[in-house]
Amino acid sequence: MISAEERAVSTLGWAYLAAWVAEAVSAESWWELLERLARNVDEASGLALDDHPTTHQLVAGETALVLAYQFPELKVPRDLGLRGAQAVSTGLVELNDGQGLVHADCFGLHRMLLGCWTRSVFLCRRIKQVKLTSEARTQYAWAVRGALRMARSDGTGVFSQVSDCAHFRPLLEASLSAGGNEEDEAIYALLRGPKRKKRFFDLTPNDTSYYSEWAAAALMRSDWSLGSI
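Residues numbered from 1 in each chain as written. Predicted model: local features only at pLDDT ≥ 70, side-chain atom pairs only at ≥ 80, totals over all residues. Heavy atoms only, no water.

A. Main features of the nonpolar core. Counting residues in each nonpolar core, the largest one holds 64 residues, and the members touching the most others are Leu 65, Leu 101, Phe 107, Trp 117, Leu 132 and Tyr 140. For this core, the element with the highest residue contribution is helix H3 (residues 53-70), accounting for 8 residues. Ignoring any residue separated from it by four or fewer positions in sequence, one finds Tyr 140 in contact with Leu 92, Leu 114, Trp 117, Thr 118, Val 121, Ser 175, Ala 178 and Gly 179. (Core = buried A, V, L, I, M, F, W, Y, C linked by side-chain atoms within 4.5 Å. Buried < 20%, exposed > 50% of the residue type's maximum accessible area, 1.4 Å probe, protein only. Helix = DSSP H or I, 4+ residues; strand = E, 2+ residues; numbered from the N terminus. Contact = heavy atoms within 4.5 Å.)

Okay, here's the thing in structure tokens:
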């Protein structure tokens, strides 16, 4: 039996593949796939965000945006862009503490959520008249800093049991491109190793450790180097 996260990832994967499989299956099968994906978005939209954060964000949010981006001319997903952007905006605001830290219960899901939010930021930039809310964009910028703070010395995420270190650099680099600033770039230079460009010397912030009562967590780092946690 597959988990809820696996089902959500499968739905999202089929959404990305929908345009590619159109020539490999019958028109009837393809329309059935599209309608099923749209139904999955509807079902996920009705889930409680706190109880099903990954399904809500990956399906109600990102899957809706993917369908809207790939098939803007089709009737079935016509309003999915706005709905997807609203779902992702809600997730960014409600699943973060205001400064980029998810609740401790979601630490193991953090990078899955960050990947969803990062891809959604890029999708919203490419879909006409579809945007994340201003508050959500601010929370995403903070989430980039949170992702840097939550990196272990081996490249995996704090409290994560998933060996995702192979995707550590691509995810952070995409996140930095989507919502990072010069201070985040400076931190990332340190995380990559002791050598860093001279222009970063005065940019690295001192707030390495962070406590959040809302998130029920404290992250303690001696500095921003990769081996400090």
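After that view, the rundown keeps rolling.
B. Region of the structure containing the packing of aromatic side chains. Scanning the model with the defined rule gives 2 aromatic pairs in all. Ring plane angle 80 degrees and centroid distance 5.2 Å describe the contact between Trp 30 and Trp 31, whose orientation is recorded as edge-to-face. Their ring planes at 80 degrees and their centres at 5.3 Å tell us that Trp 30 and Phe 71 sit as a pair that is edge-to-face. Of this pair, Trp 30 sits in helix H2 (residues 27-45) while Phe 71 sits in the loop between H3 and helix H4 (80-94), and the two are 41 residues apart along the sequence. Overall, Trp 30 belongs to the buried group, its relative accessible area being 10%. Joined through ring pairs, the aromatic side chains of Trp 30, Trp 31 and Phe 71 make up one cluster. (Phe/Tyr/Trp six-rings, centres within 6.5 Å; stacked < 30°, edge-to-face > 60°.)

C. Molecular detail of unusual backbone geometry. Backbone geometry at Gln 129 places phi at a positive 60 degrees, although glycine is not the residue there. Residue position: Gln 129 is located in the loop between helix H5 (110-126) and helix H6 (134-149). Even without a glycine there, the phi angle at Ala 216 is positive, about 55 degrees. By the element assignment, Ala 216 lies in the loop between strand E1 (210-212) and strand E2 (217-219). Residue classification places Ala 216 among the exposed positions, given a relative accessible area of 52%.

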